[in-house]
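Per-entry structural report
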Amino acid sequence: MTDDTSNTLASRGTSRGTPKAARQVAAVALTLLLAGAAAAPAAVALDTGHAPVRTSEWGTLVSVEPVATLDRAAVTRRLADVDMPVDTVRYGVTAYRLTYRTPDAYGRPTTATGLFTLPNGGAHRPDLVSDTHGTMVDRDYAPSVADDFGRVPSYLYAATGNAVAASDYLGLGKGPGTHPYMDTASSVTASLDMLRAAREAAHRLGRPLTGDVYATGFSQGGQVATALGKALQDGADRHFRLRALAPVSGPYDLSGQEIPALYDGRVNDTSGLIYTSYFLVAQNRLHGLYKDPSEAFRAPYADRVEALYDGDHTEEDIIKALPASAKELLTPKFYAWLRHPTGAMKEAVAANDTACAWQPDVPVRLYAGEADTDVPIGNARSCARQLGGAPVLDQGEVDHFGSFKKAAPKIARWFAER
């Protein structure tokens, strides 16, 4: 999920990558080179529910655009600028925006974008790290668009010698529509199709992949990474083999941990406000939680809350436009319904509570922070039990963002050693 507001604001002041003009020239050349690689969308038979109907077209690469090149010293500076260890940096990196075909949350053909990062050195055929990002409301903050903190994980893992695929998810980055927030199924689909697009891009760029996948992600992305790991282990794509899983501070247990924590004070008011309103707006589009916003949100906020989650507003915009807490935002009926969900609300919550319901055949490490007031550590402990006793690596008295900063370098070393 999202970082604490202060941490999010602080993380967005990082430097940009290669000069814009140079990126544009290179982008035109490579996009022309790859033009025509993807066929037109095939007809898709829609399911009666929300599960995408898989076709061989999903994951087809539409275009590749170079967006950043950093030498080893530049990667080292980027990590040092955000107070992260630099001892794992062995190579510079080159990053590309991939556009690829994927289904939307209803199975209809659409496109999504993501960041594909290659090390400038190392093995000719690198392994692939799948990195899935946390909650974001602004489409332009997605990894493939903003050369900001959202790219730090990709640079970190690629600098060890791995390729990295980081989907923007549906409705973020350059993808159309709005983001179906906390719709685990479509986030997994978009991430799996990003792996397929990365495989094709790597082949065309002369760096074919081994097929071994190491899955990680932070916050919302921690939950997505865990569910993606299950899909890979279950054989979702014969070209990929899950080798290890290391999610960080994911909201794995909405009904047993995260939602109760919204009510008992373990989640801070600002984060609770963002998570709750974003969840209700997005899930209403999928599950029909309300017919009119006034059923869920108090006046005068009911008239503005849906428009705030159009992908074009920042967290700062949303915080300024809404009250201080979810309790002040929601009507008494919806505040009580979310606490004790039934019907459509129960379906929406349950659909996001199965990421850990499997038994991994690969090494798993769950990372979390004891002082996290966005996603309390109880989520990780609950997930660990479901996964058959996977270890929870407590990063100590750190907040949500701090849990990532401490865990990610350790994950980079663990993946590099395997």
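Quick note: structure is the one above.
Let me begin by describing the structure that accompanies this report. (Residues numbered from 1 in each chain as written. Predicted model: local features only at pLDDT ≥ 70, side-chain atom pairs only at ≥ 80, totals over all residues. Heavy atoms only, no water.)

**Some details on helix α7 (residues 254-264)**
Cut-off, in case you're wondering: Working definition: with a 1.4 Å probe on protein chains only, accessible area under 20% of the residue-type maximum means buried, over 50% means exposed, and in between means partly exposed. Secondary structure elements are defined from DSSP: runs of H or I of at least 4 residues count as helices, runs of E of at least 2 residues count as strands, and each element is numbered from the N terminus. Side-chain atoms alone can form a polar contact between residues adjacent in sequence; in general such a contact is a pair of N or O atoms within 3.5 Å, and within protein one must be able to donate a hydrogen while the other accepts it.
Buried within α7 we find L254, Q257, E258, I259, A261 and Y263. With a side-chain oxygen lying 2.8 Å from the backbone nitrogen of G256, the N-terminal cap of α7 falls on D253. G265 lies just past α7 and shows a positive phi near 95°.

**Structural notes on the state of the cysteines**
Rules: When the sulfur atoms of two cysteines come within 2.5 Å, that pair is taken as a disulfide.
With the rule as written, the count across this model stands at one disulfide. With its sulfur 2.0 Å from that of its partner, C356 forms a disulfide with C383. Negative torsions about the S-S bond denote left-handed disulfides, and the value of about -95° found for C356 with C383 makes this one left-handed. On the criterion of sequence distance, the pair formed by C356 in the loop between α14 (343-350) and β8 (366-368) and C383 in helix α15 (residues 378-386) is long-range, its members being 27 residues apart. Each member of the pair C356 and C383 is classed as buried.

**Thoughts on the pattern of salt bridges**
Under the convention used in this document: The term salt bridge refers to a pairing of a side-chain nitrogen on Lys or Arg with a carboxyl oxygen on Asp or Glu at a separation within 4 Å.
Here the structure, examined in full by the defined rule, presents 15 salt bridges. With a shortest N-O distance of 2.9 Å, D212 and R241 are connected by a salt bridge. Of this pair, D212 sits in strand β6 (residues 212-218) while R241 sits in strand β7 (residues 241-248); the two residues are 29 residues apart in sequence, bridging distant segments of the chain. In this structure, D264 engages R266 in a salt bridge whose closest nitrogen and oxygen atoms are separated by 2.9 Å. We classify R266 as partly exposed; its relative accessible area is 32%. Here the salt bridges share partners, and the residues they tie into one network are R78, D147 and R151.

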